[in-house]
Amino acid sequence: MVLEQSWADAVFLHWRISTSAAAPYLPAGVEPDVFDGSTWVGLIGFRVPGTRLGAVLPLPYLGSFTEVNVRLYSRGADGSRGVVFLSLDASRLAFVLAARAAGLPYVWSRCRPLVTDGPVPGCGYDVERFRGQADSSFAVRPDLAREADDQLSLWLTARFGLYSRFAGRTLFLPNSHRPWPLHPATLTRFQDRLLTSAGFALEGQPESVLFSPGVRTRFGRPSALPIS
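Anyway, here's the lowdown on the structure attached to this text. (Residues numbered from 1 in each chain as written. Predicted model: local features only at pLDDT ≥ 70, side-chain atom pairs only at ≥ 80, totals over all residues. Heavy atoms only, no water.)

Bringing the overall build of the protein chain into the picture now. A count of helical and extended segments in the protein chain gives four helices and 15 strands. Its C-alpha radius of gyration of 17 Å places the protein chain within 12% of the 17 Å reference for a compact globule of 228 residues. Overall size of the protein chain, expressed as C-alpha extent along the three principal axes, is 55 × 45 × 40 Å. Evaluated residue by residue, the protein chain yields a buried proportion of 53% over its 228 residues. Here the contacts in the protein chain between residues at least 6 apart in sequence split such that 70% fall between residues at least 24 apart. Put simply, the protein chain shows about 10,800 Å² of open surface, and 55% of that area lies on carbon and sulfur atoms. (Helix = DSSP H or I, 4+ residues; strand = E, 2+ residues; numbered from the N terminus. Rg over C-alpha atoms; globule rule 2.2 N^0.38 Å. Buried < 20%, exposed > 50% of the residue type's maximum accessible area, 1.4 Å probe, protein only. Contact = heavy atoms within 4.5 Å. Areas by Shrake-Rupley, 256 points an atom, 1.4 Å probe, with all protein chains shown as cover.)

Okay, structure coming up:
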């Protein structure tokens, strides 16, 4: 294990897209993963209240931040399944620089949680990239009395690794965590340019809207994906 993080107050927004739209964004050796005849693009926001390197080195300041990412779903020829990040906006510059050095497309942004009022408090995120490059603001109201345990919700969130390009190779970075505790949610606010900036001009509201109070996750060591 090389890194451990908590992911809290996660909001998952997902749209159905064609495999031909997703394929050009994937690194060599992986292809779009498919559910019900389509693949999906996600806009996901959460808080990272704590990061730990190894088993003994907590990063109370550098490892605490807010993140919003745009991602695709893919699978490797070796049978692995994971995500491919198109962008990851985060509010902590030192972490962004370290992650970019490792080949991940992090962007330093004003990125903060958004709490909405009401009988049931809502949860969301605001993102503003510097120099007006792109922004996003979205919020949901979760139904905490119900669980989202349908096959699509589990398929979208049970992703135990990520693929990335680094030094001309495709790497797979595994992670492990307990299943996300998931709740259906209602979208209450949505204004976004991150998806368009990533290459997806989508119309309409997301088909899947989910909320989770969070999980604790551990990352393992990356490995090079065999390319046939």
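Following the structure, the description resumes.
Enumeration according to the criterion identifies 13 aromatic pairs in this entry. Both rings, one in Trp15 and one in Phe190, keep their centres 5.6 Å apart while their planes meet at 45°; by these two values the pair is tilted. With Trp15 in strand S1 (residues 3-17) and Phe190 in strand S13 (residues 183-192), this pair connects stretches of sequence that are 175 residues apart. We classify Trp15 as buried; its relative accessible area is 4%. Through a chain of ring-to-ring contacts, three or more aromatic side chains come together here, namely Trp7, Phe12, Phe46, Trp180 and Phe219. (Phe/Tyr/Trp six-rings, centres within 6.5 Å; stacked < 30°, edge-to-face > 60°.)

By the element assignment, Leu86 lies in strand S7 (residues 81-90). For the pair Leu86 and Ala198, spaced 112 residues apart in sequence, the C-alpha to C-alpha distance is 6.1 Å. Discounting residues that sit within four places of it in the chain, Leu86 has contacts with Tyr25, Val70, Arg71, Leu72, Pro105, Ala198 and Phe200.

What follows covers the side chain of Ser208. Examined against the element boundaries, Ser208 turns out to sit in strand S14 (residues 208-219). Ser208 has contacts with Phe12, Leu13, His14 and Leu156, leaving out every residue within four places of it along the chain.

Of the strand pairs in this sheet, S7 and strand S11 (residues 161-166) are connected by two bridges, and their pairing is parallel. In the strand pairing of S11, Val84 is matched with Tyr163. Pairing between S11 and strand S12 (residues 169-176): six bridges, direction antiparallel. Bridge pairing links Gly161 to Pro174 in S12. Turn length for the S11-S12 hairpin, with the two strands adjacent in sequence and antiparallel, is two residues, and the turn residue Ala167 shows positive phi of about 55°. (Pairing = 2+ DSSP bridges.)

Moving on to the pattern of salt bridges. Scanning all chains against the criterion turns up twelve salt bridges. The partner of Arg216 in a salt bridge is Glu4, with the nearest N and O atoms 2.8 Å apart. With Arg216 in strand S14 and Glu4 in strand S1, the pair connects residues that are 212 residues apart, well separated along the chain. The class of Glu4 is buried, set by a relative accessible area of 11%. For the salt bridge of Asp36 with Arg16, the shortest nitrogen-to-oxygen distance reads 3.7 Å. With Asp36 in the loop between strand S2 (30-32) and strand S3 (39-48) and Arg16 in strand S1, this residue pair connects regions lying 20 residues apart in the sequence. Judged by relative accessible area, Asp36 falls into the exposed class, the value being 60%. For Arg16, a relative accessible area of 33% gives the class partly exposed. Each member of the salt-bridge network shares a partner with another, and the members are Glu31, Asp33, Arg75, Arg81 and Arg159. (Salt bridge = Lys/Arg side-chain N within 4 Å of Asp/Glu carboxyl O.)

Attention now goes to the side chain of Thr217. On the secondary structure map, Thr217 appears in strand S14. On the accessibility criterion, Thr217 (0% relative accessible area) is buried. Separated by 3.2 Å, the side chain of Thr217 and the backbone oxygen of Ser176 make a polar contact. Residues contacting Thr217, with those up to four places away along its chain left out, are Leu3, Glu4, Gln5, Trp7, Asn175, Ser176 and His177. (Polar contact = N/O pair within 3.5 Å; in protein donor to acceptor, adjacent residues only side chain to side chain.)

Moving on to helix H2 (residues 93-101). For H2, the set of buried residues is Phe95, Val96 and Ala99. Across the axial projection of H2, the buried residues extend over an arc of 100°, all falling on one side. Seen from the open side of H2, the exposed residues pointing more than 90 degrees away from its buried face are Leu97, Ala98 and Ala101. Buried residues along H2 sit against S1, strand S6 (65-76), S7 and strand S8 (106-116). With its phi angle positive at about 95°, Gly103 sits one or two positions after the end of H2. (Arc of directions from axis to C-beta.)

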